[in-house]
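Below, each chain spelled out in residue letters.
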Amino acid sequence: MRRVKHLIFWLVVIGIILLLFSTHVIAENDFSRQRYALVNVIKAEIMTARGFLNQESLDERVLDTLLKVPRHEFVRDTERPHAYTNSPLPIGYGQTISQPFIVAIMTDLLQLKKTDRVLEVGTGSGYQAAILAELADSVYTIEIIEPLAKQAAENLKRTGYDAVHTRSGDGYYGWEEAAPFDGIVVTAVASHIPPPLIKQLKPGGRMIIPVGAQFMTQYLVLVTKDANEKVTTRQILPVSFVPLTGKH
Amino acid sequence: MKPHLSLLIAVAIISASALAYEVLLMRLFSIIQWHHFAYMIISLALLGYGVSGVFLALNRDRLVQLFPSVIMANMLLFSLFAAICFLLAQQVPFNPSEMLWTSVQLLYLCGIYLMLALPFFFAANVVGLSLYRYKNQVASIYAADLLGAGLGSVGVILLLTIVFPEKVLTVLMLSGIVAALLVSSYFDASKHWTLASVIIGLAVIIIPPGWMTLKVSPYKSLNQLLQVPGTKIIDRYSSPLGLISVVKSDITPLRHAPGLSLNATTEPPEQLAVFTDADNMTAITRYNGNPETLGYLDQTTSALPYHLKQHSDILILGAGTGSDILQANYRAIKHIDAVELNPQIIDLVQRKYADFAGYLYSSAHVNVHVDEARGYLAATDKTYDLVNISLLDAFGASAAGLYSMAENYLYTEQAIREYLRHVSPDGYLSITRWIKIPPRDEPKLLATIINALKDAGVRQPGQQIIMIRGWQTSTLIIKNGALAAEEISRLKQFCNERSFDLVYYPGISESEVNRFNIQQQPYLYEATVALLGDQSRAFIDAYKFNIEAATDDKPYLFHFFKWRTLPEILSLLGTGGSFLLESGYLLLIAALVQAILASLLLIALPLRLWKSKLGIEPGSGNHLSMLVYFFSLGLAFLFIEIAFIQKFILILHHPLYAITVVLSTFLLSAGIGSYFSTKLSHSTEKLAFMLPMAAIALLSISYSLGFESITDFLLKIGSLSRYLFSIILIAPLGFCMGMPFPMALAKISQTTPALIPWAWGINGCASVISAILATLIAMQFGFTVLIFLAVCLYGVAAWCFPKL
C-alpha cells in the first residue's frame, strides 16, 4: 500500500513537472506563432509604404530577425499578451518600445552587414539592440535612464544577447572607444542631431532617427555620410501618402 | 414668495464657483494632460447641467418640499466633489497618445467625463431648484446666477495670478461651504447642516497642503526630462497664462538647439530648461557676454536674415527666454526691441536668472516689451530692418495638429500686412517654423503671405520671397522690396555652408532644390511655385490638407483638416499614420457627437418615457415650442459670446484679458438684463417681448458688419480707453441677451410651472453643444457667419415665444 502511495506521489510530481514544461513549450509555440503572424502583418504594410521606402519589400534577414527575437521578453509582464501586436507599448519611465513595423523599417534602412559595428543611443527595453545584434558583428548601446539601462541589460542577458555592449549614461558623445560605426540608431532624439555622432559615423555609414513623440513616430530621418564625408539626410514617411492629387 | 437676499447671494456664490471650477479644470488638465483634451473633457463634464435638469424635472415636487436641506446638501456636495472628483480623475491612467492603439483609453476618458460632471450636477441643482421654488421670481434667481458667473470669471483669473492652480481648489471648496452657511442662516430647521458645513470647512482649512499634488502625465516633456539623472525642478511660477517650471540638469547638459545644421561642430553653453504647463520647452542659455559662445545659433535656418544684410534695428516678436536675442547679439545688432506676452518668462530672464543669462534683458541695446505682438505693433509707427518671428510653438504640439482649434492672430493676412508695415524699405520679415512632413503650415503660411502681399498692391510677390529649410526647421523671408542679385548670392553661400536647402528665391530652378535634406518630392518648392502662379486656386483645392490663407475672420493657421482626406488617412492608421490626422479638429468633432448623443439621451428619452412625470399635460403641444425656444437660446447665447471673445482678442491684444473682460461683461450685463426683464414681462404690449430679440439682432449685426472700423478705431486709442470702449460696446448686447431666458420662464411659470426644471436642463444641454459647435463653425465659415447664425437662432426663438 505504501509503495502504491509512493508511486502515485511520484507520478503526480512528474505529471506536474511535465505540465509546467509543456505549458512553457505551448506558450513558446504560441509566441512563435504570434511572431509569425506579426511579420506577415508587417510584410503587408510594407507593400502600402513601398512608394516612400523605394523598395518592394524588406530585407529577408530583417524579417527573419523579427521572427527570431522574442519581443515578449522585452516588455513588462502586464504587456506580454500584447507583445506581438503591431503597436508601441509602454515600458515605464514614460518610455515606449517602438512599433515593430517602425523597428523593421529602421533596421532595414541601416542596410547592415554581418561585419558591421552599430551604435544605439536610447536602449529602452533592449529589443532594438537584440535585433541589431542578430544582423551586425557588434552592438553598443547607451541608455540615459539608469533603471531602464539596468533592465535592458538584464533582458539582453536573459535572451542570450549578452554580447551587446550596454552602458548607462549620456549618448550625446556616442561611444568614442568603439567608434567609428557603420550604423547608428538614435531612438532618444535630442533637439538636434548631435555633431559627435555624425563624426563617429564611418564614411558610407548610415544613421537613423525616428522623429515624433512617444506612441507616435512622425517620420524617420536617415543620415548618410558618403565616401567623401558629405552628409545628407532623407526624411522618410513610414506610410504611403502624397499630399497632392494630380500634377500642378 | 420672494427669495431672500442671502439665498440670492448663495446662488451667486455657487454659480461663481462653478464657472471658476470650469476655468480651473481647464488649467489643471492643461498641466497634467494636454490643452485640447482639457477642452474636450470639460465641455462634456458640463453636461452635468443637462443631467441636473432631467433630475429636477422628474423629482421637482419631492425636492422642493425639502428645499433648504436639498439646496444646502447640493452646495456641500459641490464643495466636496469639486476636489474629490479632480483627485480621482487624475488617478485614471488616461494617455491620449495611446487612444489609437488601445480601446481601454476610451473607457478611461468616459470615466473622467462622468467624474467631473458630478460637481457641475450639484451646482446646477442649486440654481435649477431655486428657479422652480421661486417660480414667480425667476428673473432674480437667473440674475444672481449670471452675476455670480460674471464675478467668478474675473475672480478665478485673479486667484490664478496669486496662487498655484491646485490651491484655487481649496478656495472653491470653502466658497461652497460659505454659500451653505448663508442659506442655513436664513432657513431655521437646519442646525445640523450648519454644523456639517463648519466641520467640512474646518477640515478643508486644517488638511495639510500636500494633499493636493498634480499628477502630470509621464509622457509630457517635463517628466521625460526629469527621468535624466541629475535633473530637478528648481523653480515654479504660476499665472493664468501657464505653469512655468524651471529645470536644472547637473550631470547631462541640456543642449537645446533646434534646427542646428548638420555641419555644426559647436554645442550650446549651459542651459536651464523652461517648461510651460509641463510642455513647450525653451531654454535660458548661459551668456558671459562673449558672442563667440553663441556660434551654434548662427548654424540655424533662422540666422539667414543676418547674413543677407547688416541690420541695425530689429524687432523680435515672441522673445521668450531670449535665444533670438542671443542670435542677434552674435551678429552685433545695435538695437533690439523684444516683445513677449508672458511677464513671468521675462521676469525669469530679467531678474531671477539675470546673472545666468548675462543680464540679457537689461542690456542697453535691448528694450523688452510685455505685450502681444499685434498689440505692440498697432501702438507704434516705428519701422525695423528686420521683424523676426521664430518657432513660437513647441514641435510636439505643432506636429500633432493639436493647435488646430486655437485661434492665432499672429499668422493671418492682416497680421502679415501689419508686420510688413513695420519693415523699413528693403528690410525683412522673417518667420521660422518647424518642418512638417507632408508640409502643412508652411504652404498655408505662404498662401497667407502671398494674399497679404497682393492685397498690399504688390504685383509680383515672388520677387520678394525667399525660403530655405534644414531637416527640422524652415525659414521664410519677405523683403520690403525686390530682392537683389547680391542677396541671392549671399543666400546661396549661407545654405551651402550649412547644408540647408534652397526652397525658393526669385529665379530658382528645380535642379537647385532638395539636395541636402532630401524629401520624397521637393514639396515646398512645388508648393511655393504653384501658390505664386496662376493655378494657385487649383493647387489649394487639390492639396490634401486645408492650406487656405488664414484671415482675422478665420484665424486658424493650424487648421489643416479636410474631410476628403480622412478616408485615406484612416486606412493608414494601422501602419502608424496617426500623425497625419489633424487630431485637434477630430477631437472637437468627437466631442460634438458625444454632446449631441448625450443631449438626445437627456432630452428625448425622458420625453418619451416619462412625459407626464416631467409635467407635460396630455395633448399639450407647447412643450415642443419650449424645447425649440430654450435650445435655440442656449445655442445662440454662446455663439455670440464666443464670437465676441475671439474678435476682442484682437482688440484687447491679450487672449487672457480679452476672455476675462468680454466674458465677465457679457455675464454681468446679462445678469442686470435678467433682473430688468421683469419690467418687460409685466408689460401688456405683445411687442415688448420682441424688443430684446430685435435689439440683439440689430446690435450684433451692426457690430459684425462694422467690426473692421471698430477694430481700427479701438486699436488707435490708449489701452484703458480700449477696455472701456469694449465694455461699453458689449454691455448693451449682454443686457439684452440676459432677457429672453427669464422672460420665457416667467411666462411658463404662469402656464406650466412644472416645466421650469426641464427648460433649465434643455438650456444646459444646448450650451454644451453650442460651445463646441461655435468653434467648429468659426473654423469652417468664420466669425461673421457664426454671429449671423446666432441672430437666426434668436429669430427662431422669437417665433416660438408666443406659443409657450
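Residues numbered from 1 in each chain as written. Chains lettered and ligands numbered in written order. Predicted model: local features only at pLDDT ≥ 70, side-chain atom pairs only at ≥ 80, totals over all residues. Heavy atoms only, no water.

Attention shifts here to the overall build of chain A. Helix and strand counts for chain A stand at 6 helices and 9 strands. The principal-axis extents of the C-alpha atoms in chain A amount to approximately 90 × 50 × 35 Å. Residue pairs in contact within chain A that sit at least 24 positions apart in sequence constitute 52% of those at least 6 positions apart. When the accessible surface of chain A is totalled, it reaches about 11,300 Å², and 59% of it is carbon and sulfur. (Helix = DSSP H or I, 4+ residues; strand = E, 2+ residues; numbered from the N terminus. Contact = heavy atoms within 4.5 Å. Areas by Shrake-Rupley, 256 points an atom, 1.4 Å probe, with all protein chains shown as cover.)

Moving on, we get to the overall build of chain B. On a plain count of helices and strands, chain B comes out with 30 helices and 13 strands. Over its C-alpha trace chain B gives a radius of gyration of 28 Å, about what one expects of a compact globule, namely 28 Å for 804 residues. For chain B, the spread of C-alpha atoms along the principal axes amounts to about 85 × 60 × 55 Å. When the 804 residues of chain B are sorted by exposure, 65% land in the buried category. (Rg over C-alpha atoms; globule rule 2.2 N^0.38 Å. Buried < 20%, exposed > 50% of the residue type's maximum accessible area, 1.4 Å probe, protein only.)

What follows concerns the packing of helix H1 (residues 5-32) of chain B against helix H7 (residues 165-186) of chain B. All names here are of chain B. As a packed pair, H1 and H7 sit with axes 9 Å apart at the nearest point and diverge in direction by 165°. It follows that H1 is roughly antiparallel to H7 by the angle criterion. Of the two possible hands of crossing, H1 and H7 adopt the one that is left-handed. Every residue of H7 that contacts H1 at Ser 6, Leu 7, Ile 9, Ala 10, Ile 13, Ile 14, Ser 17, Ala 20, Tyr 21, Leu 24, Leu 28 and Ile 31 is listed here: Pro 165, Glu 166, Val 168, Leu 169, Leu 172, Ser 175, Gly 176, Val 178, Ala 179, Leu 182, Val 183 and Tyr 186. Each residue belonging to the contact of H1 with H7 can be placed in one class, and the counts come to 19 nonpolar, 4 polar and 1 charged. (Axes fitted to C-alpha atoms, helices over the stretch in contact; angles between N-to-C directions. Parallel < 35°, antiparallel > 145°, perpendicular 65-115°, else oblique. Left-handed = near helix turned anticlockwise from the far one by under 90°. Nonpolar A, V, L, I, M, F, W, Y, C, P; charged D, E, K, R; others polar.)

Turning next to the sheet that holds strand E11 (residues 473-479) of chain B. Residues and elements named next belong to chain B. Taken together, the 8 strands give an open sheet; going across it, the order is E7-E6-E5-E8-E9-E11-E10-E12, and neighbouring strands pair in mixed fashion. On the outer flanks of this sheet lie strand E7 (366-370) and strand E12 (501-504), each paired with one strand and no other. Direction aside, neighbouring strands of the sheet carry axes that sit 20° apart on average. Where strand E10 (residues 465-469) meets E12, 3 bridges bridge the pair, whose relative direction is antiparallel. Residue pairing for E12: Arg 469 is matched across the bridge by Asp 501. Packed onto the sheet, helix H11 (residues 323-330) meets strand E5 (313-317), strand E6 (335-340), E7 and strand E8 (384-390) and runs at close to 170° relative to E6. Lying on the sheet, helix H17 (residues 485-498) is in contact with strand E9 (423-434), E10, E11 and E12; it crosses E10 at an angle near 5°. (Pairing = 2+ DSSP bridges.)

At Asn 59 of chain B, helix H3 (residues 48-65) of chain B shows its maximal bend, which comes to roughly 80°. Listed in full, the buried residues belonging to H3 of chain B are Gly 48, Gly 50, Ser 52, Gly 53, Val 54, Leu 56, Ala 57, Leu 58, Asn 59, Arg 60 and Leu 63 of chain B. (Bend = angle between axes of the 7 residues up to and from the residue.)

With that settled, consider the domain arrangement of chain B. Residues and elements named next belong to chain B. As assigned here, chain B comprises domain 1 (1-215), domain 2 (300-349 + 359-554) and domain 3 (615-804). Taken together, the 13 residues of domain 2 in the interface contact 16 residues of domain 3. Interface area, domain 2 with domain 3, both sides summed: about 1,300 Å², of which 57% is carbon and sulfur. Summed over the three residues of domain 2 that lose the most area to domain 3, namely Tyr 409, Asp 553 and Lys 554, the buried surface amounts to 41% of that side. At the boundary of domain 2 with domain 3, the tally comes to 1 salt bridge. Among the salt bridges present, the one from Asp 553 reaches Lys 647, with a minimum N-O distance of 3.3 Å. Counting every contact that joins domain 2 to domain 3 gives 5 residue pairs in polar contact (both at pLDDT 80 or more). Here the residues of the side of domain 2 that touches domain 3 sort into 4 nonpolar, 2 polar and 7 charged. (Domains from an automatic or database assignment. Buried area = accessible area lost by both parts, 1.4 Å probe. Salt bridge = Lys/Arg side-chain N within 4 Å of Asp/Glu carboxyl O. Polar contact = N/O pair within 3.5 Å; in protein donor to acceptor, adjacent residues only side chain to side chain.)

This part is about the confidence of the model for chain B. When the pLDDT values of chain B are averaged, the result is 89; 97% of them are 70 or greater. Contacts of residues 394-402 of chain B to residues separated by more than four positions or lying in other chains number 26 contacts, the stretch itself having pLDDT below 50. (pLDDT = per-residue confidence, 0-100.)

With 60 residues of chain B at the interface, the matching set in chain A holds 51 residues. The interface formed by chain B and chain A includes 1 salt bridge. Here Arg 255 of chain B ties to Asp 170 of chain A by a salt bridge, and the two come within 2.6 Å at their closest N and O atoms. Our count for the contact surface shared by chain B and chain A stands at 17 residue pairs in polar contact (both at pLDDT 80 or more). Looking at the side of chain B that touches chain A, the elements that each hand over two or more residues are helix H14 (395-399), strand E13 (517-518), helix H18 (523-532), helix H19 (536-542) and helix H20 (566-571) of chain B. With 3 residues, the top contributor of residues to the side of chain B that touches chain A is H19 of chain B. Within the side of chain B that touches chain A, the residues separate by chemical class into 30 nonpolar, 21 polar and 9 charged.

Attention now goes to the confidence of the model for chain A. Here chain A averages 88 in pLDDT, while 92% of its residues score no lower than 70. Considering each helix and strand of chain A separately, the mean pLDDT is smallest for helix H1 (residues 2-53) of chain A, with a value of 76, and largest for helix H4 (residues 127-135) of chain A, with 97.

Let us now look at the sheet that holds strand E1 (residues 231-239) of chain B. As a general point, the strands of a sheet are linked pairwise by backbone hydrogen bonds and lie either parallel or antiparallel. Residues and elements named next belong to chain B. Reading across the sheet, the 4 strands line up as E1-E2-E3-E4 and stay open at both edges, with antiparallel pairing between neighbours. Lying at the two open borders of the sheet, with one neighbouring strand each, are E1 and strand E4 (279-285). Recorded for the sheet is a direction-independent mean angle of 25° between the axes of neighbouring strands. Pairing of strand E3 (residues 271-276) with E4, which is carried by 5 bridges, proceeds in the antiparallel orientation.

This part is about the pairing of E1 of chain B. Residues and elements named next belong to chain B. In terms of strand pairing, E1 meets strand E2 (residues 242-249) through 8 bridges, oriented antiparallel. When the sheet's bridge partners are listed, Ile 233 is paired in E2 with Val 247. Connecting E1 to the next strand, E2, in antiparallel fashion are 2 residues.

What follows is about the environment of Trp 193 of chain B. Residue and element names in this part refer to chain B. Mapped onto the elements, Trp 193 comes out in helix H8 (residues 191-206). Along the backbone, Trp 193 and Leu 181 are 12 residues apart, and their C-alpha atoms lie at a distance of 8.0 Å. Setting aside residues up to four positions removed in sequence, Trp 193 forms contacts with Ser 69, Met 72, Ala 73 and Leu 76.

Here we take up the packing of aromatic side chains. Residue and element names in this part refer to chain B. In the structure shown here, the tally under the stated rule is 36 aromatic pairs over all chains. A centroid spacing of 5.8 Å and a plane angle of 85° characterise the contact between Phe 67 and Tyr 134, whose relative ring orientation is edge-to-face. Within this pair, whereas Phe 67 is found in helix H4 (residues 67-89), its partner Tyr 134 is found in the loop between helix H5 (104-133) and helix H6 (138-162), the two being separated by 67 residues in sequence. Neither Phe 67 nor Tyr 134 differs from the other in exposure class; each is buried. Consider the rings of Phe 561 and Tyr 585, whose centres lie 4.7 Å apart with planes at 25°: the pair is stacked. Of this pair, Phe 561 sits in the loop between H19 and H20 while Tyr 585 is found in helix H21 (residues 583-609), placing the two residues 24 residues apart along the sequence. The buried category is assigned to Tyr 585, whose relative accessible area is 4%. (Phe/Tyr/Trp six-rings, centres within 6.5 Å; stacked < 30°, edge-to-face > 60°.)

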